[in-house]
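Okay, here's what each chain looks like letter by letter:
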Amino acid sequence: MTIAPFLHAIPWGFVLYERPMFFRAYFWSILFAVALWSSSAFAQVLSVRGGADLPYHIKADSLSYDDATKTYMARGQVTITRADQSLWADAVDFNAETTEAEAWGNVHFTSGEDWLTGTRLEISLDAGIGTLYEGTLFIKESHFYIRGGTIEKIGEDSYHVADASFTSCEGDSPAWEITGKDLRVTLEGYGTIKHAAFWAKSVPLLYVPYLVFPAKLKRQTGLLVPQASYSDRDGFQYNQPFFWAINESSDATLYEHYLAHRGLKHGVEYRYVLGAESKGAIMYDFLHDRQIDDGTPDSYEGFRGDNELRLNKKRWWFRMKSNQDLPAAFKAKLDVDLVSDQDYLREFDSGYAGYEASDSYFLEEFGRELDDETDTIRLNQLNLNKGWDEYSLNIDFRWYDDVIIRKNNLPDDTLQYLPSVNFAGSKQEISHTPFYFDLDSSYNHFWRDAGTRGYSVDLHPRVYYPVRLGRYFDFEPSAGVRETLWQVEEYEDETSGEEDHLESRKIYDLKADLSTEISRIFNWKGTTVDKIKHAIKPQVVYEYIPAPEQDDLPDFVGTIAEKNLVTYSVTNNFTAKTSKRPTPDPETQLEGEQEQGSLSPKYSYYDFCRIKLTQSYDILEARREENGIEKRPFSPVKGEVEFKLSSYVDLQADAEWSPYDDEFKSYNAILALRDERGDHGSVDYRYTQEDSGNPGTRNILTKVLLKLFDPVSVYWEHERNLVENQDVKTVCGFMYESQCWSLNCSYTLDRIMHERKYFVEVGLYGLGEFGLGK
């Protein structure tokens, strides 16, 4: 390439004779440009138009052009850039027509957040394909480092390496890597490698003839990471999931769970999304179990405390939840939970398709949990609802499935609500008057296989008159009227001769609420907290319901108890004001504060402590004749404490103390602590006093995790039944978490299940987790 054409194009005569001063400046600038272009001591820059009208910018110590081959030859500290792509090398030959480039010497190429480096690179920049020699490829999404003698980019997101190694570890000496032949990896999907060997440092640990691994976390059909374990009861277990990306709005997961002592358990999960508020998930598992619980010494004894045998071999669990938008602003929610026997959920509570995984998924995705795994009566429900500003309508079809009754083919007297309709109005002003009202009304149709059936209608409006007494007290009297209509459709004893006509019950109730609030603001002037507001709210509530006439009610109509009760309480709220996290909401300022000037800082406020004491006085009990039974009009004193001073301390507690027995009837407390290092621990204490029909409980659950040093942590979990003075469950273990892998080892002693478990789990970043337990 030469500068001569540029020099001949300059209008020398015009510059020389017309503008001599300008000529001097122009002349010296041209000479400087010629020297800059021709000297290898200065970089040369060139722009070449590429595909999609995006130019390639070439910078090098020297540039030349071969017109015959349409090739630019760049030498010395070469850089070629376009959009988010950059190529660095000692030398590059770049074809302007095909945008093919050959680079050698300290080659480094980036595309987005992915990069590669090697000794030589042949690449078609527009097509995005090429070959790297003696190089390393880094894929950001899965944090994979792929090394090989020849790395081919055979598609937009696909690579092939003949002799390869890959890892997610940083550094030249990775903690783990997999080597093999014929590596093929596709972003948005999976990678495969033949004759794969797993290495820990320089030690080979595992060989497999063919390995499939995930190369990205986005939805893609294929095998997922399996789970393997061993136990005395189930034998060796292997659970292999297969993920099926059906389309953009639905997918499924299929499970084949092999249990050496039990059989093959099949599972399927189907998920769909039709809109922002319309989605669902359906799950089903089936096992033809080789083991039964027939009460013999050879059968499993783990759940015989329920006094029920389990003789069925066909075992299954069907569950689903769904949300659906409907016309006219209605919404539908469907919950289904059917299980073959009372032991299934307790036996299969862990793993991919276990109770814990299903319950967590439903809670996270739908905001609704499953019934507890120990419940043998499980709710199935269809809810249709619509909301207005001040009213709401709920239509429920509720079916309670009694697993034990169904399994034993017994007469089922479980009361079903088919349907239950509730129309409610929130508390609202009555047409610009000082009065307010709310409304609760319902219609219920009761059905069951064995027993009395019928329906009821309940209407309960209430009127309020809130007033301010002086400067300090709020007083709100209210009165309600409740009418219940019912009719029996079929009696349990068809020969009873009772008439099934419409009957009713009318009753009124009175309520009065008196409260006040006093507060004071304290200057704290701490590092984060400026002020603290302490608010005290005393409250007295009186409730009265006369003795209703409700003889000969069918059992599906609930009775209303006579009430003459005074409840008094004191609530302490503590609110902190901090300038740590500014918020511009003036309505949250502490009452009584005034910010000075327009330059006042913005503050945030949070309630960090609440203490409440409550007790009731039963006037009916006080007026009752003793008849040899001691009167106890005063209820136990109930205390509640919520304390969260910061993200490091959280305490919740409640207790009930009897003034007559001078002892606690119950107390519960949960204390959780954590620090900036990641250490955390909690103590959960539960106590309920034994009384008639209640055996009482007294348990303590302790959890501790300590980070000894980076990256090693130890943890311990212990639950003890203090009533029977025996341990329930103990878990201890340690975790090692490095940049690219983790190791979790634990030992579990479960005295309820009569099991000991040893579990080792290795997590490889980018590949998933592999565990083996016993």
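It should be emphasised that the depicted structure is a prediction, and the values quoted were computed from it without experimental measurement.

Brief notes about the overall build of the protein
- If you tally the helices and strands in the protein, you get seven helices and 43 strands.
- The buried share of the protein, reckoned over its 774 residues, is 38%.
- Accessible surface, the protein as shown: approximately 43,900 Å² in total, 56% of it carbon and sulfur.

What to know about the packing of aromatic side chains
- Considering all chains together, one arrives at 30 aromatic pairs under this definition.
- Seen from their ring centres, Tyr-736 and Trp-741 are 4.8 Å apart, and the 35 degrees between their planes marks the pair as tilted.
- Look at Trp-741 and you get partly exposed, because its relative accessible area is 24%.
- One aromatic cluster is present, built from ring pairs that chain together Trp-317, Tyr-344, Phe-348 and Tyr-355.
- Here the guanidinium or amino end of Lys-279 rests over the ring plane of Phe-366, the centre of that ring lying 5.4 Å away.
- Just above the ring of Trp-317 sits the side chain of Arg-319; from NZ or CZ to the centre is 3.9 Å.

Topic: the state of the cysteines
- Within this structure, the stated rule accounts for one disulfide.
- The side chain of Cys-169 participates in a disulfide bridge whose partner is Cys-740; the two sulfur atoms lie 1.8 Å from each other. On the sign convention where negative means left-handed, the S-S torsion of about 80 degrees between Cys-169 and Cys-740 marks this disulfide as right-handed. Of this pair, Cys-169 sits in the loop between β10 (158-167) and β11 (176-186) while Cys-740 sits in the loop between β40 (726-737) and β41 (741-750), and the two are 571 residues apart along the sequence. Accessibility assignment for this pair places Cys-169 and Cys-740 in one class, buried.

Some details on helix α5 (residues 355-366)
- Across its 12 residues, α5 extends 16 Å between first and last C-alpha, which sits within 8% of the 16 Å expected from 1.5 Å per residue.
- The inward-facing, buried residues of α5 abut β19 (278-288), β20 (314-325), α4 (344-347) and β22 (377-387).
- Once α5 finishes, Gly-367 follows within two positions and takes phi at roughly 75 degrees, a positive value.

Brief notes about the nonpolar core
- One finds Ile-80, Val-92 and Phe-94 to be the most contacted residues of the largest nonpolar core, which totals 42 residues.
- Those residues in contact with Ile-80 that sit more than four places away from it in its chain are Tyr-56, His-57, Ile-58, Gln-85, Ser-86, Leu-87, Val-92, Phe-94 and Leu-125.
- Listed in part, the 14 residues of the second largest apolar core include Ala-281, Met-283, Val-339 and Leu-345.

Focus on the confidence of the model for the protein
- Averaged over all residues, the pLDDT of the protein equals 85, while 86% of them reach at least 70.
- Segment residues 1-41: pLDDT under 50, and 23 contacts once partners within four positions in sequence are set aside and those in other chains are kept.
- This stretch, residues 769-774, has a pLDDT under 50; its non-local contacts, to residues over four places away or in other chains, come to 29 contacts.

Observations concerning unusual backbone geometry
- The omega torsion across Leu-418 and Pro-419 is 0 degrees, close enough to zero to call that bond cis.
- By secondary structure assignment, the location of Pro-419 is in strand β24 (residues 416-429).
- Cis geometry marks the peptide bond from Asp-710 to Pro-711, where omega comes out at 15 degrees.
- Checked against the element boundaries, Pro-711 lands in the loop between β38 (697-709) and β39 (712-721).
- One non-glycine residue, Ala-329, adopts positive backbone phi at about 65 degrees.
- Examined against the element boundaries, Ala-329 turns out to sit in the loop between β20 and β21 (331-339).
- With phi around 55 degrees, Asn-409 is a residue other than glycine that occupies positive phi space.
- Position of Asn-409 among the secondary structure elements: in the loop between α6 (403-407) and β24.
- The exposure class of Asn-409 is exposed, given its relative accessible area of 71%.

Some points on the environment of Thr-99
- Among the secondary structure elements, Thr-99 is positioned in the loop between β5 (85-95) and β6 (100-111).
- Setting aside residues up to four positions removed in sequence, Thr-99 forms contacts with Tyr-56, Phe-94, Ile-123, Ser-124, Leu-125 and Asp-126.
- Looking at Thr-99, its side chain comes within polar contact range of the main-chain nitrogen of Asp-126, at 3.3 Å.

Thoughts on a nonpolar patch on the surface
- There is a patch of nonpolar side chains on the surface, built from Leu-223, Phe-242, Trp-244, Ile-246, Leu-254, Val-268, Tyr-270 and Tyr-284 and spanning about 650 Å² of accessible area.
- Elements that contribute at least two residues to the nonpolar patch include exactly β16 (235-247) and β18 (263-275).
- Broken down by element, the nonpolar patch gets its largest block of residues, three residues, from β16.
- Along the chain, Trp-244 turns up in strand β16.
- Judged by relative accessible area, Trp-244 falls into the partly exposed class, the value being 43%.

Here we look at the pairing of strand β34 (residues 637-646)
- Taken together, the six bridges between strand β33 (residues 603-618) and β34 define a ladder with antiparallel strand orientation. For Leu-613, the partnering residue across the bridge sits in β34 and is Gly-639.
- Where β34 meets strand β35 (residues 649-658), eight bridges bridge the pair, whose relative direction is antiparallel. Within β35, the residue paired with Gly-639 across the bridge is Ala-655.
- Connecting β34 to the next strand, β35, in antiparallel fashion are two residues.

Rules behind the numbers
- All chains use their own residue numbering, which begins from 1 and follows the written sequence.
- Per-residue local features are limited, in this predicted model, to residues with pLDDT of at least 70; the limit for side-chain atom pairs, both in listing and counting, is 80 or more; totals at the level of whole chains, interfaces and linings are taken over all residues.
- Computation of side-chain values covers all heavy atoms of the structure but excludes hydrogens and water.
- Helix numbering and strand numbering both begin at the N terminus, where a helix is a DSSP run of H or I of at least 4 residues and a strand a DSSP run of E of at least 2.
- Summary of the burial criterion: residues with accessible area below 20% of their type's maximum are buried, those above 50% are exposed, and those between are partly exposed, where the area comes from a 1.4 Å probe applied to protein chains only.
- Residue burial considers only the protein chains on display, and all accessible areas are found by Shrake-Rupley using a 1.4 Å probe.
- Only rings of Phe, Tyr and Trp enter the pairing, Trp through its six-membered ring, and a pair is recorded when the two centres are within 6.5 Å. The plane angle decides the type: under 30 degrees is stacked, over 60 is edge-to-face, the rest tilted.
- Over a ring means this: the NZ of a Lys or the CZ of an Arg is within 6 Å of the ring centre and within 35 degrees of the ring normal.
- Note on terminology: disulfide denotes any pair of cysteine sulfur atoms within 2.5 Å.
- In a helix, the anticipated span is given by 1.5 Å times the number of residues less one.
- Contact criterion: two residues are considered in contact whenever any of their non-hydrogen atoms come within 4.5 Å of each other.
- Residues belong to a common nonpolar core when they are buried Ala, Val, Leu, Ile, Met, Phe, Trp, Tyr or Cys residues joined through side-chain atoms within 4.5 Å.
- Scored from 0 to 100, pLDDT reflects the predictor's confidence in each residue.
- Side-chain atoms alone can form a polar contact between residues adjacent in sequence; in general such a contact is a pair of N or O atoms within 3.5 Å, and within protein one must be able to donate a hydrogen while the other accepts it.
- Without a salt bridge and with relative accessible area above 30%, a residue can belong to a patch; like charges are then joined within 9 Å and nonpolar side chains (Val, Leu, Ile, Met, Phe, Trp, Tyr) within 5 Å.
- Think of a salt bridge as a Lys or Arg side-chain nitrogen and an Asp or Glu carboxyl oxygen that are within 4 Å of each other.
- Between any two strands, pairing holds if DSSP finds at least two bridges.

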